[in-house]
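Structural characterization, general
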Amino acid sequence: MRKIYVIILDLTSLPLLIGAYLILLSGYCLTKTNIVKQLTLGLLEDIRVCSILHLEELQIIIAILALVHTISGINVMLSKIIKNKLLLDFSETIILIIGSIFMMQIILIFML
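Residues numbered from 1 in each chain as written. Predicted model: local features only at pLDDT ≥ 70, side-chain atom pairs only at ≥ 80, totals over all residues. Heavy atoms only, no water.

1. With respect to the overall build of the protein
When you go through the protein residue by residue, the secondary structure sums to five helices and zero strands. Secondary structure elements in the protein, listed N-terminal to C-terminal, are α-α-α-α-α. Computed over the C-alpha atoms, the radius of gyration of the protein is 18 Å, more than 25% above the 13 Å expected from 2.2 N^0.38 for a compact globule of 112 residues. Considering only C-alpha atoms, the protein reaches an extent of 55 × 30 × 15 Å along its principal axes. In the protein, which comprises 112 residues, the proportion classed as buried is 29%. Taking the contacts inside the protein whose residues are at least 6 apart along the sequence as the reference set, 64% of them involve residues at least 24 apart. (Helix = DSSP H or I, 4+ residues; strand = E, 2+ residues; numbered from the N terminus. Rg over C-alpha atoms; globule rule 2.2 N^0.38 Å. Buried < 20%, exposed > 50% of the residue type's maximum accessible area, 1.4 Å probe, protein only. Contact = heavy atoms within 4.5 Å.)

2. Details of a nonpolar patch on the surface
Together, L87, F90, I94, I97, I98, I101, F102 and M104 give the surface a local cluster of nonpolar side chains, amounting to about 740 Å² of exposed area. Mapped onto the elements, F102 comes out in helix α5 (residues 85-111). (Patch = residues over 30% accessible without salt bridge, like charges linked within 9 Å, V, L, I, M, F, W, Y side chains within 5 Å. Areas by Shrake-Rupley, 256 points an atom, 1.4 Å probe, with all protein chains shown as cover. Salt bridge = Lys/Arg side-chain N within 4 Å of Asp/Glu carboxyl O.)

3. Thoughts on α5
A rise of 1.5 Å per residue sets the reference length of α5, with its 27 residues, at 39 Å; its end C-alpha atoms lie 38 Å apart and thus fit the reference within 8%. Burial in α5 covers these residues: L88, S91, E92, I95, G99, M103 and I106. Where α5 is buried, its residues meet α1 (2-31) and α4 (57-81). The backbone nitrogen of L86 has a side-chain oxygen 3.0 Å away, supplied by the residue at the start of α5, namely N84. (Expected span 1.5 Å × (residues − 1). Polar contact = N/O pair within 3.5 Å; in protein donor to acceptor, adjacent residues only side chain to side chain.)

4. Focus: the pattern of salt bridges
Opposite charge on two side chains permits them to pair, given that their charged atoms come into close proximity. What the rule picks out here adds up to one salt bridge. The shortest N-O distance in the salt bridge between K85 and D89 comes to 3.0 Å. Placement of both K85 and D89 in helix α5 is noted, with a separation of four residues, approximately one turn of the helix. A residue is classified by how much of its surface remains accessible, and D89, at 28% relative accessible area, is partly exposed.

So, in structure tokens, the structure goes:
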């Protein structure tokens, strides 16, 4: 079960990096369009495109990926610290329950 968390960390790292970079660029694009247009070689040149990137589905995808990445990272960290299997299973369950609550909150926030 612990190996799945390492796989999740590997799979979510690059999409998180790219998504966070896009959110950062699109946020700056809303206020500094000319600079971002030059930095992205004209890919982000319109405020409308930047606002869609910054305010639409990309944020919920990145939020969910970040939460899954965080839960996996905490469980990997705990598996290195806690050697008692029963205590490790208990802590893993608690982290998954808390993560599920956070996931529901994120989904509700973006749905409203």
